[in-house]
Every structure is written in structure tokens, then in C-alpha cells.
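Residue-level structure breakdown
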Amino acid sequence: MTRPGGRATPTSGPAVARAAVIALSGLLGAGALAAPPPQPLVGETLYRRGLLPSAEPVQATREAGATLKGADAACVNCHRRSGLGSSEGRITIPPIAGPYLFIARGKSLEQQGVPFVDTERVNHEAYTDESLARAIREGIGANGKTLNYLMPRYQMDDATMAELIGYLKGIKVSPSPGVSTSVLHFATIITPDADPVKRRGMLDVMNQYFVDKNNAAARTKAPTLYSSHTMMFRVERRWQLHVWELSGEPATWEAQLRKYLASQPVFAVISGLGGSNWEPVYRFCEAQALPCLFPNVEAPVGHDSDFYSVYFSRGVLLEAQLLARELAQAREPIRRVVQVFRAGDVGEQAARTLQAARTDAGQQVVNRVLKAHAASKDLHAALREVGPTDALVLWLRPQDLKALATVPVTTSRVWMSGEMGGLEQAPLPAGWREVTRMAYPVDLPGRRVVRVDYALSWFRIRKIPLVAQQVQADTYLACGLVSETLNHIVDAFVRDYLIERVEMALDHRVLTGYYPRLTLAPGQRFASKGGYIVRFSDPQGTKVAPLGDWITP
Amino acid sequence: MRPRIPGWLGAALTCATGVLLAVATAASVSRATASYETPAVMLVRADGKSVSLPQELDDGRPVLLNFIFTTCSSICPLTSRTLEEFQHKLGPEAARIHLMSISIDPEQDTPARLSEYARKFHAGPEWQYYTGTLAASLAAQRAFDVYRGEKMSHTPVTLLRSTPGKPWLRIEGFVTPDELVDDYQKLLASP
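The notes below deal with the structure included here. Along each chain, the written sequence defines residue order, and numbers are assigned to residues from 1. As they are written, the chains are lettered A onward and the ligands numbered 1 onward, keeping that order. Residues qualify for local features only when their pLDDT is at least 70, as the model is predicted, and side-chain atom pairs are given and counted only at 80 or more; totals for whole chains, interfaces and linings, by contrast, use all residues. Each side-chain value is derived from all of the structure's non-hydrogen atoms; neither hydrogens nor water enter the calculation.

**A closer look at the overall build of chain B**
- Numbering goes from the N terminus for both helices and strands, where a helix is a DSSP run of H or I of at least four residues and a strand is a run of E of at least two. When its secondary structure is counted, chain B shows 6 helices and 9 strands.
- When each of the 191 residues of chain B is scored for burial, the buried share is 58%.
- Contact between two residues is taken to exist if any of their heavy atoms lie within 4.5 Å; hydrogens are not considered. Contacts in chain B between residues far apart in sequence, at least 24 positions, make up 66% of those at least 6 positions apart.
- Of the roughly 7,800 Å² of accessible surface on chain B, 57% is carried by carbon and sulfur atoms. The cut-offs for exposure are 20% and 50% of the maximum accessible area for each residue type, with area from a 1.4 Å probe on protein chains only; residues under the lower value are buried, those over the upper are exposed, and the others partly exposed. To be clear on the numbers: accessible area is Shrake-Rupley with a 1.4 Å probe, and residue cover counts the displayed protein chains and nothing else.

Now the structure itself:
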């Protein structure tokens, strides 16, 4: 983010350039539409990307002489974006957000109005600018002891050091917007093209979860602990849900979301429901530095290198990768791949992903596009001329699958999307069942039953109608993950820290709903990585059998 | 001679299948001799080839083994940089020793991602990376006593062996490249 021609200071630089940088760096978490706070750009760029004001990579060495530079030497790798530290194995990486560095020995965190984090070491003298510079340059801590071997020794001039220290001092550890002394505000986002049945199912689960959460808190309510005049420790805050329903054209969604956020700041977005276009929501979350945790989106938008958008799975895009692998390994020669999808549905994006993968491999791929609202009988036309040596890939919804009953099967090499078709509930006609293999990006029914039953029982007891099982189970899982993570973050209600703790909490999670495992890390934004290829076992019913092991394409 | 470490630490370092003698040279690095039973699992090498773990380990060369994951941002870059320096410092001798890095996050670490990671650390041809099924990775982690429940709990462990059938030198902690060269040369010189 260093601009050519010099360094920006917290109070200098044209407002336009500053706004652009803020949008890119995603630091604007607070205040939404409020005026952006001054940004210590040099320090931030050094902290996050390991770049000096000259745009040269920062150089560092370790005790034993090993050198590292640039992104490899960036502070963020260990101390994380929040500046609140991390732990790996037996190694604890302490917080370096200013309040933790400059806290005086003998004073408790809460006396200083600083939230507890489990990586904090309170047994050091308060740093000064000088002793902190020595720690960064020479690896000597405030108490004169050598810092851990992991900590590099950095080379930088005094002015750059001052910028870095200024950045560390400016890292906020006070509660993010959307967190008051009594309420934690969360939002969930629903796009206008979302399935109305799934919408109802998701909201039923979320509303009930929030009611339960608040009831449980009320039942176990201990007296609020005021441990100092400046801070309350472990206060039970009420959860409040704000449903952000979008309307109109996708081009207007970001502005709508900004407006929602400005009128009611939230700590994070939990779950949510999309149709075929999640891009504006994704852009909003990244630009506003707002955690958007586990939305129900069949074609998620984003990259592993993002920070704020976290998904359970790549959905139909994962299916496309699974099928590309299948087609690459097909035993029988395939003349061409024919894909069928409806215009504007997520199948279109999946088909594009599959097409790119197979075209790169030199295979002919033909797309047959059904108009968005055309009658299902148009399938006849779309499947005309599909021959026995063609592979047919169906990116279709249940009603189109039903309509296949009147379409003759002309090839035995058929694959379909489980996510779009309804997994084992897919109403595939008998003749087609025999020849169709299904991408199945979740755990097998028999194996997930115990994990999903927990959610289903919860729905049953609370009389929540089961209308969209996976969406509802995933929503319940998303709420549970946030709740569990909040236990770990105690009082450090910092949005970046929430994401970092979700990453850590996920590996420990036993009840993972539809997914056999969920893992995240810095640089991982899709928690479940693979799927099965299955086939219906019988001409009728919902029994499916895997055609191999779990595959991670 | 290196001092013996207290029994409790030795017990803590003892693997399920081996007998070991643990010694410490510095506060943060400890060394032990241990024997492990290699599980007969198949792994996928970064070049995409499916290979047997015992065969890869027992190809006759001295072997250095460690466990990493590519999105690990603190410990692994340091241990990988150490191996890079180790290869560099060995010079022509580097061609004799087989370096093996097995992913503990195999679902994320596809062969393509491992190849990219290997390039980043200038891995020479004798340094190979492995992924595979989660079950295979877990079996390898358990066999070499590096499994710590989940990936974020892993600790830096480097294992060295001079020839198949010989015991392993187990190094826990952040060993430096120079120390590693020293360990390797001593291991080769020992009867």
C-alpha cells in the first residue's frame, strides 16, 4: 500500500488516495460511513506485507543467522492481523497491539482497560519506544532477555521504526462497533434471489438460536463483574440479530449493505442466504473489514487469500473440480463433454469452472443453456444429439431432474450436481439413476447422521419445521461456531480476532454437521475441502453408494 | 558427552514403539535416539506420483524427515528455511541425503500447493514433499510421534537417520542449520 513518491503519515496525504488505500486494506471496520480514521500506512504496510517505505522488502535475520525478507518477515505472520498474537504447539506468540506492550508491570489488564487474551504475558516491564525498537532490531525484550528464536531481528531506519511503532500503538483492542456493554449485534444477509423456502428455514433456526442463547444467558446470569471503573469482565451480552434483506439489482446491494451497517453497526455477519450472485456481499464484507461467517451460498465468491469471508465449502465450484478430476480419469474415451444448466443459476458458474479445467486439458466442452424460465420440456432440445461417447453433466435443480423422465438416456456417462439436485433426495428418474454419478460435496448420509441428528433434534424440540435440511443444519452449525468462538475470545471483541479465533476453534470442532472435517488457517477460507462421487444404489429411494474415497481435488 | 536429561523428560519424549535416550544441548532444542515402526501407507508425492512411505524412507540414503503444512505461518516457514540452509550448507553432499516433508494438512496441501511451497524454499531435487489421504498422514504422524491432535498444535520436530534399519535421531525444537549439519555429520560418522 505504499504509494510511489513517498510516505503517507497519519495526518497527511490526499483524502482520495487515503480513502482508496483504506478500501484496499480493509481497515475500515469501525463506523461504516463515518469519516475514516487516519491510517498509519507505512507501519501497516510493513506489518502486513513486510515492505519498507521504499517498497523494498524488509530484511531480517534470526539468531542463528538465517535471513528472511518481505512477506516472509511480515509481523502479521505470527502476531496476526489483530495484533493479538497466536499460539502454535507449545509456542505462544504474544500480542503486540500497543496496549499490551506498554502496560506497566504489576498492573492487571482490566485495570488498564485492556481485554484479556490468552497469549498475553504480563511479566515484562512496560516497553518504551526505545526498548521496543531494540526488541525489533536486536531481539532483546523489555526485561533484557533474549526473545524467542522465532522472533526475527529487523533492519530498518529510525523513521520507519517510528512508523511501525506508531502503527502498533494504534491497533485498537477496544470493542468493535456492534458491541455494547449489554448487547452483541449480529447481522445475517439475504439476497433477493435467495430461495424463499430456504430463507424461512434459515431464519427460523437463527431466530430460535438467538432466543435460546439469550434465555440460557438469563438463566445462568451471574452478577455482572465490574472489576474496574473502566472495564467489565465477562459480561453476558444479549445477542441481537439484524436481518439485512436486500432488494433490487445487484449493483445496488453494496450501497444497501453500507446503509444497514451505518444505521446499526454489527460485530459480525453470521450465516446468510444467497442465490446466484454473492459477489456484492463478498465485496462489502472485505471492504468493510466485517467478518462474514459461513453464509449459505452455493457458488461462493472469494479466495483463500481473503480475510473476512469464510465459507463451509466451495459448493458447486468444488463439485466442478471434483467432476473435472473424474472426467480426467475416465476409463472410457470421451468425445466431448456436454453441460446443461439454466441461465443465471449457479450451475452456470460451475459449468464455467469445469469448462476451464477440461478445455485446458484439450477436451471439447459444449454448453447447452436453458433459458432461465423456460419450461422443463426444453431439456429435450438441449439433450438432442448427445451420443454414447459423450459425457453429460447436469447442473440442474429438482424440477428439471424430474422432467428427465420423458427424455431418453443416450449415454451411460452422466454426472450431476448433488448440491443443486438435492443430494440423495434428487428426484432423478429411474432410467437415469442407473447411469448417473453425482458430485457429493458433503459426508455420506450414514456417516453424518450422528453429527446432523444433534441439529435435527434441536429443531424438533423447538418445533422448527424442517424445510431445507442442509441450509438449516449449516445455519445451526454457523451459530454454534460463533458462540463457541466467543467463549475463547472472552472480552476481546475485535473483528479481526474473531476471524482468527474461528480459524483456531474449527480444528477442535467435533460436531461438524454435514462435513466430515472443517479446518481453516491463514490462507484457507473454505473449511471443507472435498467430496465424494456417489451413485444411487436402487431404482428408487435415497440410498447412495460412494464410488471411491473422499476426494480433495 | 552430552548429559542425560531427567527421566520425566525422557518419558515425555518416549515414543510408543521405541526406546530412546534423550539429551539436551540448549534450552529450546533436545535430541533423542528413537526407533519407529514405519506404517505401510501410501502417500502422494508433490510430483503427483503415488508412493509407499516405507519405500521412500528406505531407499538406502540417509534421510531427514519432518512434518509441515503450507498455510502454517509461524513455525513451518522457519523449519523449512532451516532445511533450505541445511541443503545449501551441505554443498555437493546434499545430493546424498533424502529430505522428506510430509503435510499434516493433506486436504489443503495438494501436490500443486506443495510444489509451489517447495519452490519457495528452493528445495533441491533430493527434498521431496508428500501429501495423501488424511488417514495416511495421520498414520505417519502417529508412527513418528508428532501427532498433537490438530495442525495448530504441532511442534517443530526433525528426524534424521543414517541408513535403513538404524535408529532415528529425534530433534525437538528450533535447530539451526549449522547444528543440523553437525548432527548429520556425526550421525554418519557414528558406527
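Moving on, there is more to tell.
**A closer look at the interface of chain A and chain B**
- At the interface, 29 residues of chain A touch 25 residues of chain B.
- Note on definitions: buried area is the accessible-area loss of two parts on being combined, 1.4 Å probe, summed for both. Where chain A abuts chain B, roughly 2,500 Å² becomes buried across the two surfaces, and 53% of that area is made up of carbon and sulfur atoms.
- Broken down residue by residue, the surface that chain A buries against chain B is led by E88, Y149 and D507 of chain A, which jointly contribute 23%.
- Basic side-chain nitrogens of Lys or Arg form a salt bridge, by our definition, when they fall within 4 Å of a carboxyl oxygen of Asp or Glu. At the boundary of chain A with chain B, the tally comes to 5 salt bridges.
- Those elements giving two or more residues to the side of chain A that touches chain B turn out to be α3 (76-79), β3 (86-88), β4 (91-93) and α18 (495-508) of chain A.
- Looking at the side of chain A that touches chain B, its residues break down into 11 nonpolar, 10 polar and 8 charged. Ten residues, namely Ala, Val, Leu, Ile, Met, Phe, Trp, Tyr, Cys and Pro, are considered nonpolar, four, namely Asp, Glu, Lys and Arg, are considered charged, and the remaining ones, Gly among them, are considered polar.

**A word on the sheet that holds strand β5 (residues 153-155) of chain A**
Residues and elements named next belong to chain A.
- Two strands qualify as a pair provided DSSP detects at least 2 bridges between them. Taken in spatial order, the 3 strands line up as β2-β1-β5 in an open sheet, and their pairing is antiparallel. Where the open sheet ends on each side, the last strands, each with one partner, are β2 (67-69) and β5. Taking the axes of each pair of neighbouring strands and ignoring which way they run, one obtains an average angle of 30° across the sheet.
- One ladder, built from 3 bridges, connects strand β1 (residues 59-61) with β2; its direction is antiparallel. When the sheet's bridge partners are listed, A60 is paired in β2 with L68. Convention adopted: a line fitted to C-alpha atoms gives each axis, helices being fitted over their contacting stretch, and angles between N-to-C directions are expressed from 0 to 180 degrees.

**Quick word on helix α10 (residues 316-328) of chain A**
Residue and element names in this part refer to chain A.
- An expected span of 1.5 Å times one less than the residue number is assigned to each helix. Along its 13 residues, α10 runs 18 Å from first to last C-alpha, staying within 8% of the 18 Å computed at 1.5 Å per residue.
- With 10 of 13 residues buried, α10 lies mostly within the body of the structure.
- Residues of α10 that are buried include every one of V316, L317, L318, E319, A320, L322, L323, A324, E326 and L327, and no others.

**A look at the sheet that holds strand β11 (residues 292-293) of chain A**
Residues and elements named next belong to chain A.
- The sheet built from 5 strands is open, its strands ordered β9-β6-β10-β11-β12 with parallel pairing. The sheet is open, and its two edges are formed by β9 (238-245) and β12 (309-310), each paired on a single side.
- With 2 bridges connecting them, strand β10 (residues 268-270) and β11 associate as parallel partners. Its bridge partner lying in β11, I270 is registered against L293.
- Against the sheet, helix α7 (residues 196-219) touches β6 (183-190), β9 and β10, its axis set at about 160° to β9.

Treat this as a map of the structure, not an account of what it does.
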